[in-house]
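Chain by chain, the residues:
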Amino acid sequence: MCIRDRVAGEHTASGYPMIANDPHLTMDTPAIWYENQLIYNKDGEEWHVNGTGLAGAPGVVLGCSSFSCWGMTVNPLDVTDFFSESFLTNALGLPTHTLYKGEPELMKQVFNSWFFNIIGDNIPNNLSRANVGYDTGAISLVVPRRNDGAIVQIDGQSGVSVMYTGFRDTHEYTAFLGFNRAGSMDEFVDAMQNFDIAVQNVYYADIEGSIAWFTSSEKPLREDLAAFTVDGLPPWFIRDGTGAAANEWLPVMNPQPNQALDYEILPFAEMPKLINPEKGFVTNANNDPIGVSLDNNPVNQVRAGGNGLYYLNSHYASYRMGRVDREIKSMVEAGGVTTQNFMDLQANVDLLDAELVLPTVLGIMSQVPVPAGSPMAQALDVLSSWDYSTHTGISEGWDAGDDPLMTSEPDMEEMRNAAAATVWAMWRSMLVQNTINATLTAYGLGDHLPPSNLAYHAFKHHLENYPTAGGVGASGINFFSNGLAETVAGSLQMALDKLASDEFAPAFANSTNVMDYSWGKLHRIVFNHTLGLDPFNVPNGGGFSDLAADLPGLSRQGGYEAVDASSHSVTADGLNRFMFGSGPSRRFVAEMNPAGVNGYEVIPGGQSGVFLSPNYSSQLPLWLTNSYHDMAMGSDEAAAVAVKETTFGPAL
């Protein structure tokens, strides 16, 4: 997940458009991205492209050219369906055909060979073939009808297949190279028609003053939705694959420019987009782009021209977008937006969910007798003055604005806010567990609980509607069966008991002093190496160490759906369950000066994957403190900052 912001020149201090980008991906070592710059001759002039790429991929994937800058973030379009299937099987019980409308359709068999390295014989790469059974990995079964999708579950003569837009050839590399070479927005948009999978929000700004946001990828059309109905279960559940329901993807009848998929797709003209909007800015944070889910029914909109139901996805993120949009509007109203304003926004760790929910539960607690000086009284005191920030509150923590090269002591306000962040995180968890999860478990659904973020949305809904519904949902079930005040106060007491417990002693030493509950003791990150071993992991490699023996990782600001992405499970309740493992895989801000783009970026690691290299984690201190380095745009700037130059040419 990530945020993308673009502001037109009319609202910036320089008069030039600006763009910001921080795609949220898994935080591993080596870093996902590496920085690169290409300089070549285009029509007799120097043309440069700078930004980040992926190992093995040509060109710059995210970055700037001499004409434009662009960024991407996931747009959660629904481009995957699961289908229940009926099989014909052979004498071994292995499916050979699926049945569609009673007719057998032959499946493909893909034979797999698995090898492993013999450990302990002191022979490098001494591989031996593994004896893997045909039903445990030796054979993959592929269904042609499902865009060559795989069977992922077999239960006798039935099972489940998966259908995804990316299971056949697509053209993303063509799109990347087109982005690099585009000298106009039209050329950029044409190149984007080759970005067929990995559904993305694509953000754009150029030196001619334009800003834009597009939705990329190929969005398949379902036959029932095209007929203005939902036949059986909607697309975010397992659909019928036998032909008994009209759940198939429509075969291509109206091919779109550069289309790769052999199925009908939503035309680009109907995909969400904004080009030079009148308000002068565009924001996105993986949110519902045009409001199709605002009424809690994502399949009741009609396509332009009345060609069926307009369906994008079932649910989206929301809190980060709420904060981003609020901050951008404030910047625009104040006038003179700068690149530093965008950097500050990317560092924002104020929790919008707390701002929306905490006042309500504090109001309920005001009616509950609380002993003076008790841990509960202390907790309510720090929460009542909390500014919703989530800084670490400890000198060992990494917070925005810190010196990347040395530690600094937090002041009292930071420590109070850090304690409040800890109490709220645990209280939030207990509130959701004691309402949504406990109630569903009591009805025998403990093994089928909703994802924690959806459970939190349900809790928030019942809390807001308690004055009229009394905690009773559409099902008739009361999720506040113990009473509102009793549930809220009891959850806070449970939260405080946990924080003072033996489990949390490595962080808080069984303290009942709420001021000892520094958020940075719990909110940590490990940049895991592919090998999963120290000293390749960071920490305890790359010059960094764990916070403490029983507290792995680096202490870092952030929290649930903060703009500076660092989310953990809403129902986290253990010592190491408030850690996070995904976030901004590249932070980037640029100003589109026609004389030369002013760009700034940072990646969470370094340019080298070699453990002993000084560049293994050289940028991590900058990333941890929300600092940036200049992007070298063009041959002169590249030469000025180069540490080493390597020239490649044909062999003599």
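The model shown is predicted, which means the values in this text are computed figures rather than measured ones. (Residues numbered from 1 in each chain as written. Predicted model: local features only at pLDDT ≥ 70, side-chain atom pairs only at ≥ 80, totals over all residues. Heavy atoms only, no water.)

S.K.: Would you mind going over the state of the cysteines in detail, with residue names and values included?
M.R.: Between two cysteines, a covalent bond joining their sulfur atoms is known as a disulfide. Counting across every chain of the model gives one disulfide. Across the disulfide from Cys 64 sits Cys 69; the S-S distance is 2.1 Å. Residues Cys 64 and Cys 69 share a disulfide whose torsion about the S-S bond is about 105°; that sign makes it right-handed. For Cys 64, a relative accessible area of 0% gives the class buried. Overall, Cys 69 belongs to the buried group, its relative accessible area being 0%. (Disulfide = S-S within 2.5 Å. Buried < 20%, exposed > 50% of the residue type's maximum accessible area, 1.4 Å probe, protein only.)

S.K.: Can you explain the packing of aromatic side chains? Please cite residues and give values.
M.R.: Within this structure, the stated rule accounts for 26 aromatic pairs. Both rings, one in Trp 70 and one in Phe 179, keep their centres 6.0 Å apart while their planes meet at 55°; by these two values the pair is tilted. Separated by 109 residues along the polypeptide, Trp 70 in strand β8 (residues 68–74) and Phe 179 in helix α2 (residues 172–181) bring together distant segments of the chain. Phe 179 carries the same exposure label as Trp 70, and that label is buried. For the ring pair Phe 188 and Tyr 204, a centre distance of 4.9 Å and an interplane angle of 50° mean the geometry is tilted. Taken together, the positions of Phe 188 in helix α3 (residues 185–192) and Tyr 204 in strand β18 (residues 200–206) put the pair 16 residues apart, joining distant regions of the chain. The buried category is assigned to Phe 188, whose relative accessible area is 0%. Aromatic ring contacts, followed pair by pair, group Tyr 319, Tyr 456, Phe 459, Tyr 466, Phe 480 and Tyr 560 into a single cluster. Residue placement shows Lys 273 over the ring face of Phe 268; its charged tip is 4.6 Å from the ring centre. (Phe/Tyr/Trp six-rings, centres within 6.5 Å; stacked < 30°, edge-to-face > 60°. Helix = DSSP H or I, 4+ residues; strand = E, 2+ residues; numbered from the N terminus. Lys NZ or Arg CZ within 6 Å of the ring centre and 35° of its normal.)

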